[in-house]
Amino acid sequence: MQRLSLWPVVLGLALAMIVVALVKPVEHSLGYASVALVVIGLIGWVMEAREVAGPPPAVEPEHEEEEPAPGPSYWPLIVAAGIVGIAGGLVYEWEYGALIIALPLAVGAAAAWGEVVRREIAPSPGQEEAPPVAPPVVVGGRVLMPVAPNVLAAQAAGGAAIALERVGPRPISRRNLLRATFWVGLGAGLLAAVASIIDFMYPRGIVGFGGVINAGSVDRYPPGTKTQVPAGRFWLVHLTAEQGGPGILALWWKCPHLGCTVPWRPTFTFTDPGTGEAKQGWFRCPCHGSTYNDAGVRVFGPAPRSMDHMEVTIENGQISVNTGKITKGTPDNAQFAVKV
Ligand code: FES
């Protein structure tokens, strides 16, 4: 049966990479495309190693036959290039980096596939020749025949004198060299691929909740105001000195009790346990009545703690809230308010 060629698959993969890179650029795409290169290199390496090893012998030879010196193999180079590409892709956030791998890969695969087809259509004279036969071993004008171990053992049991030839250290065969380098390459390739996958899974550039929200200029939030920012699911509170500030606090609107959204109730009146006086305006959870003051500090209800708050940064008058960095609420919430 005709052996399947790897090249059409490689060509298809490379073309797919080109299309993906052009339709939807991806950060670190050089690294992801290089994973494909490493996989292709390893598959080619395996195919070459199997070809060199040939079919398993019917009887295990007593001595490994002398093999020709190792010839140059380009698969390790492809795997190495892939590993370098993965490393480069992890460092540079180049959106079109995949094309560095995909374009030459497509050209190379198309050329190699064309060569395979050309050879199949017009086989070269060398291919029609009979495979070379290993020359017989001749010592002192006599042809030596290999002896099976069981025959040797039977002769020794019968009292025959047996002379053993001292064999010097054998050079590393091409098969063993390929085998050893393959496992090293496989390990390095897998390591690089795992690094690339971890990089891919790592959250970055998140927009909306979970990422950094630009809340705009501090002028939009006068002292004493509470502004709901739906994109980040928080209340931006500008605390006055009387409220524990001054400064800006981002309170996560999720109630620490069972997760209901906590609204600001400007007309709700409740006795402040700190002063013992009635005060108007509280964060009040509609689900079970947990009540929090201006800084989100719990004063009443089943909530186990005060409202959680997010990291606030103010630079050049612009407020950024990192909704991925949430600190559990405590009675000291107001201390986290960032001064304007
Ligand atoms: Fe808010 Fe229960 S969910 S008090």
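Our subject is the structure listed above.
*Asks:* I keep staring at the pattern of salt bridges and nothing clicks. Help me out?
*Replies:* Should the charged atoms of two oppositely charged side chains come close, the side chains can pair. Under the criterion given, the structure shown has 4 salt bridges. One salt bridge connects Lys226 with Asp294, and the closest N-O pair in it is separated by 2.5 Å. With a gap of 68 residues between them, Lys226 in strand β4 (residues 226-229) and Asp294 in the loop between β9 (291-292) and β10 (298-300) connect regions that are remote in the sequence. Since its relative accessible area comes to 7%, Asp294 is described here as buried. Note that Asp308 is salt-bridged to Arg305, the shortest N-O span being 2.8 Å.

*Asks:* Sorry if this is basic, but what is going on with a nonpolar patch on the surface here?
*Replies:* Residues Leu22, Val91, Tyr92, Trp94, Tyr96 and Ile100 make up a contiguous nonpolar surface patch of roughly 670 Å² in combined accessible area. As for its position among the elements, Ile100 is in helix α4 (residues 98-121). Residue Ile100 is classed as partly exposed on the basis of its relative accessible area of 45%.

*Asks:* Any chance you could explain the environment of Val194 here in plain terms?
*Replies:* Position of Val194 relative to the elements: it lies in helix α7 (residues 174-201). A sequence separation of 159 residues divides Val194 from Val35, and the C-alpha atoms of the two residues are 9.2 Å apart.

*Asks:* It is not clear to me how the environment of Thr330 should be interpreted in this structure. Could you clarify?
*Replies:* Note that Thr330 resides in the segment after β12 (318-327). According to the relative accessible area criterion, Thr330 is partly exposed, its value standing at 29%. Considering only alpha carbons, one finds Thr330 and Ser306, 24 residues apart in sequence, at a separation of 5.2 Å. When near neighbours in sequence (up to four residues on either side) are disregarded, Thr330 contacts Val297 and Ser306.

*Asks:* Can you help me understand the side chain of Asp294 in this one?
*Replies:* Only 3.3 Å separates the side chain of Asp294 from the side chain of Lys279, close enough to count as a polar contact. Ignoring anything within four residues of it in the chain, the contact list for Asp294 reads Lys226, Val237, Leu239, Gln243, Leu251, Trp264, Lys279 and Phe283.

Thresholds, definitions, all that
- Residues numbered from 1 in each chain as written.
- Predicted model: local features only at pLDDT ≥ 70, side-chain atom pairs only at ≥ 80, totals over all residues.
- Heavy atoms only, no water.
- Salt bridge = Lys/Arg side-chain N within 4 Å of Asp/Glu carboxyl O.
- Helix = DSSP H or I, 4+ residues; strand = E, 2+ residues; numbered from the N terminus.
- Buried < 20%, exposed > 50% of the residue type's maximum accessible area, 1.4 Å probe, protein only.
- Patch = residues over 30% accessible without salt bridge, like charges linked within 9 Å, V, L, I, M, F, W, Y side chains within 5 Å.
- Areas by Shrake-Rupley, 256 points an atom, 1.4 Å probe, with all protein chains shown as cover.
- Contact = heavy atoms within 4.5 Å.
- Polar contact = N/O pair within 3.5 Å; in protein donor to acceptor, adjacent residues only side chain to side chain.

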